[in-house]
Amino acid sequence: MNKKLYVISGCSGVGKGTVLKEFMKRNSDNFMLSVSCTTRKPREGEIDGVNYFFLTHEQFEQNIKEGKFLEYAQFAGNYYGTKEKYIKQKFDEGYNIILEIDTQGALQVKAKMPEAVLIFIAPPGVNIENNDISGGLIELENRLRGRHTEDEATIQKRLAQARTELERSKKYDFIVINDSVDRAVKEIEGIVKK
Ligand code: 5GP
């Protein structure tokens, strides 16, 4: 069977990490979570090569110059990107690959690889069909503050980013509301089994 690329995005604080972790726990035989490169500093407990490949600004820009990224984006003052070679390697190893990336990157992937499936995880309160994201933004702010890992300026940056990402989610193939981790995981399992 042909291996597939799935792109999962969601606003910061939406619980995307928890949903993905649970999805991977249940589906690690067939799926692997791609490890991105970033210039942001590691958070406590994060390991180079496991959570991210942590690069300096200079290293990242050198990779951009050399055309090494399948996609990359600048976000909250840092670069994030996926190496093309890394994805090819993982396909060769026989995995379906999941990219957990922001919406700018996701749309770059879709442009280069139209067969990629884009899934957006939205907070409860968002009513995409009615174009109403306000309830979702309040929910996100509460979650971000509850996490206690970011300062106020970063929280404000991330909320502004969340608004943009929610707008871009309309271009995705699927939108999954994270009202319950178990339900969201099951919905994603339904999507990838199609
Ligand atoms: P965090 O700093 O919280 O780990 O991630 C911040 C944002 O960067 C998240 O929205 C995450 O999806 C996004 N991100 C992580 N890796 C990549 C990547 O390789 N490319 C892009 N475009 N975004 C990424």
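Residues numbered from 1 in each chain as written. Predicted model: local features only at pLDDT ≥ 70, side-chain atom pairs only at ≥ 80, totals over all residues. Heavy atoms only, no water.

Colleague: Can you help me understand the pairing of strand β8 (residues 117-122) in this one?
Modeller: Of all six residues in β8, six are buried, a share of seventy percent or more. Alternating positions in β8 separate into two faces, Val117, Ile119 and Ile121 on one and Leu118, Phe120 and Ala122 on the other, with burial throughout. Two elements, strand β1 (residues 5-10) and β8, share five bridges in a ladder whose sense is parallel. For Gly10, the partnering residue across the bridge sits in β8 and is Ile121. Note that β8 and strand β9 (residues 174-177) share four bridges and pair parallel. Pairing of Ile121 across the sheet is with Val176, part of β9. (Buried < 20%, exposed > 50% of the residue type's maximum accessible area, 1.4 Å probe, protein only. Helix = DSSP H or I, 4+ residues; strand = E, 2+ residues; numbered from the N terminus. Pairing = 2+ DSSP bridges.)

Colleague: Is there a simple way to think about the pattern of salt bridges in this case?
Modeller: Two side chains that carry opposite charge are able to pair once their charged atoms sit near each other. In total, this model carries 17 salt bridges according to the counting rule given. For the salt bridge of Arg26 with Asp182, the shortest nitrogen-to-oxygen distance reads 2.7 Å. With Arg26 in helix α1 (residues 16-27) and Asp182 in helix α7 (residues 181-192), this pair connects stretches of sequence that are 156 residues apart. Connected through shared salt-bridge partners, Glu22, Lys25, Arg26, Asp182 and Lys186 make up one network. (Salt bridge = Lys/Arg side-chain N within 4 Å of Asp/Glu carboxyl O.)

Colleague: Any chance you could explain the sheet that holds strand β5 (residues 69-75) here in plain terms?
Modeller: Across a sheet, paired strands are connected by hydrogen bonds in the backbone, their directions being either parallel or antiparallel. If you walk across this open sheet you meet the four strands as β4-β3-β6-β5, and the pairing is mixed. Taken across any chain shown, the strands that pair with only one partner, and hence form the sheet edges, are β4 (52-54) and β5. Neighbouring strand axes in the sheet, compared pairwise and without regard to direction, differ in orientation by 25 degrees on average. In this sheet, strand β6 (residues 78-83) lies alongside strand β3 (residues 36-38) in antiparallel orientation, the contact comprising two bridges. (Axes fitted to C-alpha atoms, helices over the stretch in contact; angles between N-to-C directions.)

Colleague: Even after reading the chapter, I still don't get the site of the ligand, so can you show me in this structure?
Modeller: Every one of the 16 residues lining the ligand counts as a neighbour, but Ser36, Arg40, Tyr52, Tyr80 and Asp102 are closest to it. In this structure, an oxygen atom belonging to the ligand sits 3.3 Å away from a side-chain N or O atom of Thr82. Residue Arg158 places a side-chain N or O atom 3.4 Å away from an oxygen atom belonging to the ligand. Relative to its free-state accessible area of 510 Å², the ligand is covered by the protein chains to the extent of 93%. Only β5 and β6 provide two or more residues apiece to the shell around the ligand. (Near = heavy atom within 4 Å. Polar contact = N/O pair within 3.5 Å; in protein donor to acceptor, adjacent residues only side chain to side chain. Areas by Shrake-Rupley, 256 points an atom, 1.4 Å probe, with all protein chains shown as cover.)

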